[in-house]
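Chain by chain, the residues:
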Amino acid sequence: MTTSTSFLGLGAMGSALAATTLDAGRRVTVWNRNSDRTRDLGARGAIVADTAAKAIADSEVIVVCLFDHRSVHTVLDPVATDLSGRTVINLTTTTPEEARELAAWADAHGVTYLDGAIMAVPEMIGGPASAIFYSGTEDAYAAHRDLLDRWGTSTWFGADAGLASLYDLAMLTGMYTMFAGFLHGAAMVGTAGISATEFAARQAPFLAAMSEQLAGLAAVVDAEDYAGEGQQSLQFTDTALSALRRASTDQGVADDVLAPVHDLVRRQIAAGFGTHGTARMFEGLRSAR
Ligand code: NDP
């Protein structure tokens, strides 16, 4: 056994992780289902394995970055015996339950498991804005910090392997709903011939300024203090969202993005909380548990 690191999966992200590891002067072995994708890294000095089993044989640490949970099992199940005694760092995006299932699978096969969630796009890997969340085996996190920190700022959330994914998907919820809200706004101004590019130039700084409100919302939620002073009431937000929806439909723009938010607000008002702060929507969301 050597001190090299093996990478299973050389898509956009796996390639970026492997390249950054190579750039750090480490010994790297790579495998990908479609061998064409190993060519560039091979030319840069990576050892190219033609099977996953050979890549695993080369290293104590196996970095997995595949498409999804299912493809992780497709690749790892046939080589479970080869993985025994090694450490798998799985950076494939999974749900928390899928991460826990993989941790249990690893445990059953004598594999040390660390789950990772990448909060970056491939171009950011190795740069100052790249962050990666980890959960699972703490010893593995501690032992391989030097490797992990090459890719971005590392944070370990706990022994429950699902925690990194939970945090990741919670963060992505904010991102995807923001993107949808932006596209909705772009469709609105587009009815007046204003380009999405011009709109983005004004929307981005506005959203950045509005993000300052998050800490205040969080304080209300954590204290469950929805009746406290100084909050924008649910009734106020209801009126605002009604106007937004009317304006949208008047312009021929679908109100699909706004409707579920408005529904959350109205459910809290119907429950008798119209004068409470808008952060009370949180109760409607968590009550679905
Ligand atoms: P790509 O689509 O570029 O690559 C997918 C990889 O999975 C390829 O190596 C592909 O192999 C492999 N793969 C897919 N299905 C199978 C299978 N059944 N058997 C074997 N190999 C398979 O995706 P990315 O590299 O961008 O993403 C990889 C992971 O990283 C994902 O879970 C993604 O969510 C996560 N991630 C990606 C980010 C991004 O911005 N790209 C950001 C944060 C996380 P082949 O080349 O043979 O098709």
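Each remark here, short or long, concerns the structure printed above.
Here's a quick rundown of the structure.

Conventions we followed
- Residues numbered from 1 in each chain as written.
- Predicted model: local features only at pLDDT ≥ 70, side-chain atom pairs only at ≥ 80, totals over all residues.
- Heavy atoms only, no water.
- 1 Å grid on protein atoms, 1.4 Å probe; cavity = no way out; pocket = protein on both sides within 12 Å on 5 of 7 lines; lining within 4 Å.
- Points joined across faces, edges and corners; volume = space filled by probe spheres on them.
- Helix = DSSP H or I, 4+ residues; strand = E, 2+ residues; numbered from the N terminus.
- Nonpolar A, V, L, I, M, F, W, Y, C, P; charged D, E, K, R; others polar.
- Core = buried A, V, L, I, M, F, W, Y, C linked by side-chain atoms within 4.5 Å.
- Buried < 20%, exposed > 50% of the residue type's maximum accessible area, 1.4 Å probe, protein only.
- Pairing = 2+ DSSP bridges.
- Salt bridge = Lys/Arg side-chain N within 4 Å of Asp/Glu carboxyl O.
- Patch = residues over 30% accessible without salt bridge, like charges linked within 9 Å, V, L, I, M, F, W, Y side chains within 5 Å.
- Areas by Shrake-Rupley, 256 points an atom, 1.4 Å probe, with all protein chains shown as cover.
- Near = heavy atom within 4 Å.
- Polar contact = N/O pair within 3.5 Å; in protein donor to acceptor, adjacent residues only side chain to side chain.
- Sits in = over half its atoms within 2 Å of the grid points.

The next thing to look at is empty space enclosed by the protein. If you walk through the whole model with that rule in mind, you get one cavity of 30 Å³ or more. In terms of lining, the largest cavity is formed by L91, T92, T93, T94, D115, G116, A117, I118, S165 and D168. Counting residues per element, the ones that place at least two in the lining of the largest cavity are β6 (112-119) and α9 (163-190). Per element, the largest residue contribution to the lining of the largest cavity is four residues, and it comes from β6. Residue classes in the lining of the largest cavity are distributed as three nonpolar, five polar and two charged.

Here we come to the nonpolar core. Judged by nonpolar contacts, the single largest core of 28 residues is most densely connected at F7, L17, L91, Y134 and W151. Residue assignment for this core shows that the elements contributing at least two residues are α1 (12-23), β2 (28-31), β4 (59-64), β6, β7 (131-136), α7 (138-143) and α8 (145-151). It is α1 that contributes the most residues to this core, six residues altogether. Core analysis: the second largest hydrophobic core is formed by 23 residues, V64, V88, L102 and A106 among them.

To continue, consider the pairing of β2. Residues in a regular strand project their side chains so that they alternate between the two faces of the sheet. Alternating residues of β2 divide into V28 and V30 and T29 and W31, and every residue in both groups is buried. Pairing between β2 and strand β3 (residues 47-48): two bridges, direction parallel. Its bridge partner lying in β3, T29 is registered against I47.

Turning to the pattern of salt bridges, a few remarks are in order. A full pass over the atoms with the stated rule returns 15 salt bridges. For R145, the salt bridge is made with D149, and the minimal N-O distance between the two is 3.2 Å. Of this pair, R145 and D149 both sit in helix α8, four residues apart, which is roughly one turn of the helix. Residue class for R145 comes out partly exposed when judged on its relative accessible area of 31%.

Take a nonpolar patch on the surface next. On the surface, Y176, M178, F179, F206, L207 and M210 cluster together to form a nonpolar patch covering roughly 580 Å² of accessible area. Contributing elements (two or more residues each) for the nonpolar patch: α9 and α10 (196-210). Assignment of secondary structure puts F179 in helix α9. Under the relative-accessibility criterion, F179 is labelled partly exposed at 39%.

Around the ligand sit 21 residues in total, of which M13, N32, R33, R37 and T93 are the nearest. Within the side chain of N32, a nitrogen or oxygen atom sits 2.7 Å from an oxygen atom of the ligand. With respect to the ligand, the backbone of F67 contributes an N or O atom lying 3.1 Å from an oxygen atom. Taken by itself the ligand offers 900 Å² of open surface, and the protein chains cover 76% of this. Among the detected pockets, the ligand sits in the second largest pocket.

In short, the description is geometric, and any link to function would need to be established separately.
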